Amino acid sequence: MSVMSSQYIKHETDVLIIGAGGAGMRAAIAAFDSGSSVTVLSKSLLGKAHTVMAEGGIAAALANVDPKDSWEVHFADTMEEGVYISNFRMAEILSKEAPERVRELEEYGALFDRTPEGTIMQRAFGAHTYRRLCHVGDRTGLEIIRTLEDQILHRDIKFFDEFYVTKLLKDGERVVGAIGIKLNTGDIHVFSSKAVIVSTGGCGRIYKVTSNSWESTGDGLGLAFEAGAELMDMEMIQFHPTGMVFPPGVKGLLVTEGVRGEGGILLNAQGERYMARYSPKKMELDARDIVARANYAEIMAGRGTAHGGVYLDITHRGADFIKRKLPSMYKQYMDFAGVDITKEKMEVAPTVHYQMGGIRVDPESTATNIPGLFASGEVASGLHGANRLGGNSLADILVFGKRSGEGASSYSKKISQGKIDDAAISAEIERVNSLVGRDGLNPYDLASRLEENMSENVGIIRNEENLRKALETIQELKDLSKKAAVHGGLKYNKGLLQVLELPSMLTAAEAIVRGAIERKESRGAHARSDYPKKDPAMRKNIIYTKGERGMRLEWREVPKIPDNLRKLIREEEY
Amino acid sequence: MESIKVSVYRYDPSSEKEGRFVDYEVPKEEGMVVLDAMKYIERHIDPSLSLRWNCMAGKCGSCSAEINHRPSLMCKTRVDSFKDGKIKVSPIAAYPLIKDLVTDVSQNWDLLKKIPKFTPREGLEKPWKISQVDIERSKEFKKCIECFLCQDVCHVIREHNSGYFGPRHVVKAASLDMHPLDALDRSEFMNKDAGLGYCNITKCCTEVCPEEIHITDNAIIPEKERAVNAEYDPIAIFVRSRRKGGGKR
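Here goes a summary of the coordinates provided. (Residues numbered from 1 in each chain as written. Chains lettered and ligands numbered in written order. Predicted model: local features only at pLDDT ≥ 70, side-chain atom pairs only at ≥ 80, totals over all residues. Heavy atoms only, no water.)

Secondary structure summary: chain B contains 10 helices and 7 strands in total. Overall size of chain B, expressed as C-alpha extent along the three principal axes, is 75 × 40 × 30 Å. Looking at the 249 residues of chain B, the share that counts as buried comes to 54%. Partitioning the intrachain contacts of chain B with sequence separation of at least 6 by distance along the chain shows that 62% fall at a separation of at least 24. Of the roughly 11,700 Å² that chain B leaves accessible, carbon and sulfur atoms contribute 50%. (Helix = DSSP H or I, 4+ residues; strand = E, 2+ residues; numbered from the N terminus. Buried < 20%, exposed > 50% of the residue type's maximum accessible area, 1.4 Å probe, protein only. Contact = heavy atoms within 4.5 Å. Areas by Shrake-Rupley, 256 points an atom, 1.4 Å probe, with all protein chains shown as cover.)

Quick look at the structure:
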């Protein structure tokens, strides 16, 4: 149902989904199949979301290649990799349900690579006990996005792409819809909905060097936080060990872990296979935080390449194998760097890759602490704890995407549409209009300052002094961002979009830095040079909420693991 | 610092009578691609420039444009590939212009909705068994990043209002038809309803595909042949006369 008013176009839907990556699309399918009317809002064109960049595969204990694999082992790997602050129930759900989600994707039309017996092929990945990653060469994300897109297009699901949500609307405590701008027309749309799912992905673009695409500016994180949702584990930012370093235009672009999974080795400029010093047992296939810090340490010690990286070498596997197993890596290096990876070594360095933290959710339904608001995918937290296993994010978006769709649908069936406050709408329309058609601070300059600040001060190894410096800059940017404005109108104005993105980017940055200061230990992806050890007293989660006088942090106990699950994992060592 | 000159098409059809090319000077960097230059303009010269880009890595197919009249991805076109240094960037011409370099490609979703979706054969034993060789053909088509450059270059779409869906959509249909467990045959639909008959296999689409999909040879020609065979194959006609409807032809 749509109603036109002079200022905005109004729609009504049962379930409103913000974000059309893997999680949002899977949620849309689930909510629709549960009998709800569904509307999806996407910042990019449909099918362009950051999920398309996922390469290596999706983790699911199908045990096709290693018969000893099971959900129990996948569960244990996930908990141990999360360094004991993951939510056990989310890890349990993920490891139990991922195989079903993969098979279902196959029934939706996805074509995974096969074993000689014709079952779904699985490859090795860092810190997975068994070969577990179902993959489509090294373009698994594209296959997932295209398959889900197909399912969406053949259902009666409404979608608005190139749509940017500027605010969640509330009726008392409850979230009852959203308002935003359709980029290609510049029209303002208001959506009234019984439930809202936020699946907007991560915030990697607050860093200068990142593997994340344009969209990942923490939009949903900021929207939910402003609406009162609790965030958790925000200090945990994953650096992927291998991003491209050259040419400058693609600095940070991901080089899949699949390269190491298929036998690639890491060498410093002296030709030494240095992982033998950092992790003699697991070598290149240790956890991402360990390999990333090793790469960083080698570069810092002056054993890096001319462009400030280390070498990743797969040439020994031969041209045929490489072109078949890693076709897009072959093409990526050929097209961008003019390097033939079947004959030459790749230059790589760590790159910001993933936010483990995010909106705190209930494992069963992905409900947040705010009634009517749900979250799934990278924007949600709990599953990955202090570090994420490669391949677990693609499993996450399908498993918890589906659960959020069902959760939101079932909530929406018990409740009627909320009341949308006209004054809130008018105020928001006025705010958006006030950001265009005039002089103001250049929003891109502010964003660049934030990116440099984060990369310089909140990097792979942190310390109090730099974190304090980072926080100061963030405070300053928060004030300056209020003065940002651009010329032009509302229609397809990317400068306006950058102005609108700034508050969420700054919320994400502030949470990361405050949490990093608060966590005076080194755990998983969070490494402090001034507190290099793990502290048993900090085997807890940090919760972030919006207080009257700014962001509040609080330590919260990790949910107690029941005995039957506890015995599956190794005791934590200090 | 060395710089390059880029000529960019600017036009807002809702407020301006006609478009024009505007020259911008951008500092040159090693390994620079056209998208880097456009991002520089967006960030430092005119933030109101309308431009679509996402992944910067040739994986999402957002930054399609015509660079010196050739349909290209801006993120994969090296600035130094133009020996005379002249770079002219304009929007893809097959679609209605929204503003500057951004066009309205939404009609593609409407067309994709019309192509019957993947429909597995009935009675398959689970979990499905498929051999690797059987997925290779479909896999080629699944590399498509929906940049719509093939649609842009297609003269049937550009010059004739024929109702031809375009190469992207034939690739889509072929990816489904060549799925080893799919039960349908979309070739008749593609040839009759989706206007594939208008394609006279000039192979322009294949030439511009950034994913190097052999669109004409591997998708278009087989889809054309499939329909022709079904239509004229005497055995097929005989079988059809015996058995009404259903089944993969």
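Right, picking up where we left off after that structure.
Contact with chain B, which involves 64 residues of that partner, is made by 64 residues of chain A. By the criterion of area lost to chain A, the three top residues of chain B are R43, K59 and W109 of chain B, representing 14% of everything that side buries. Scanning the region where chain B abuts chain A turns up 13 salt bridges. Among the ionic pairs, E211 of chain B bridges to R139 of chain A, the shortest N-O distance being 3.2 Å. On the surface where chain B and chain A come into contact, there are 38 residue pairs in polar contact (both at pLDDT 80 or more). At the level of elements, α1 (34–45), β6 (97–99), α2 (107–114), α3 (132–141) and α6 (167–177) of chain B are the ones that each hand at least two residues to the side of chain B that touches chain A. Of the residues that constitute the side of chain B that touches chain A, the class distribution is 28 nonpolar, 13 polar and 23 charged. (Buried area = accessible area lost by both parts, 1.4 Å probe. Salt bridge = Lys/Arg side-chain N within 4 Å of Asp/Glu carboxyl O. Polar contact = N/O pair within 3.5 Å; in protein donor to acceptor, adjacent residues only side chain to side chain. Nonpolar A, V, L, I, M, F, W, Y, C, P; charged D, E, K, R; others polar.)

Once that is clear, we can look at the packing of aromatic side chains. On inspection of all chains with the given rule, the structure shows 13 aromatic pairs over all chains. Seen in terms of ring centroids, Y274 of chain A and Y278 of chain A are 6.1 Å apart; in terms of plane orientation they differ by 85 degrees. Their pairing is edge-to-face. Look at Y278 of chain A and you get partly exposed, because its relative accessible area is 31%. Taken together, a centroid distance of 6.3 Å and an interplanar angle of 65 degrees make the contact between F118 of chain B and W128 of chain B edge-to-face. Here F118 of chain B is found in the loop between α2 and α3, whereas its partner W128 of chain B is found in the loop between α2 and α3, with 10 residues between them in sequence. For W128 of chain B, a relative accessible area of 5% corresponds to the buried category. Three or more aromatic residues joined by ring pairs form one cluster here, namely F160, F163 and F191 of chain A. Lying across the ring of W71 of chain A, K96 of chain A places its NZ or CZ 4.5 Å from the centre. In this structure, K494 of chain A is placed above the aromatic ring of W214 of chain A, and the distance from its NZ or CZ to the ring centre is 4.9 Å. (Phe/Tyr/Trp six-rings, centres within 6.5 Å; stacked < 30°, edge-to-face > 60°. Lys NZ or Arg CZ within 6 Å of the ring centre and 35° of its normal.)

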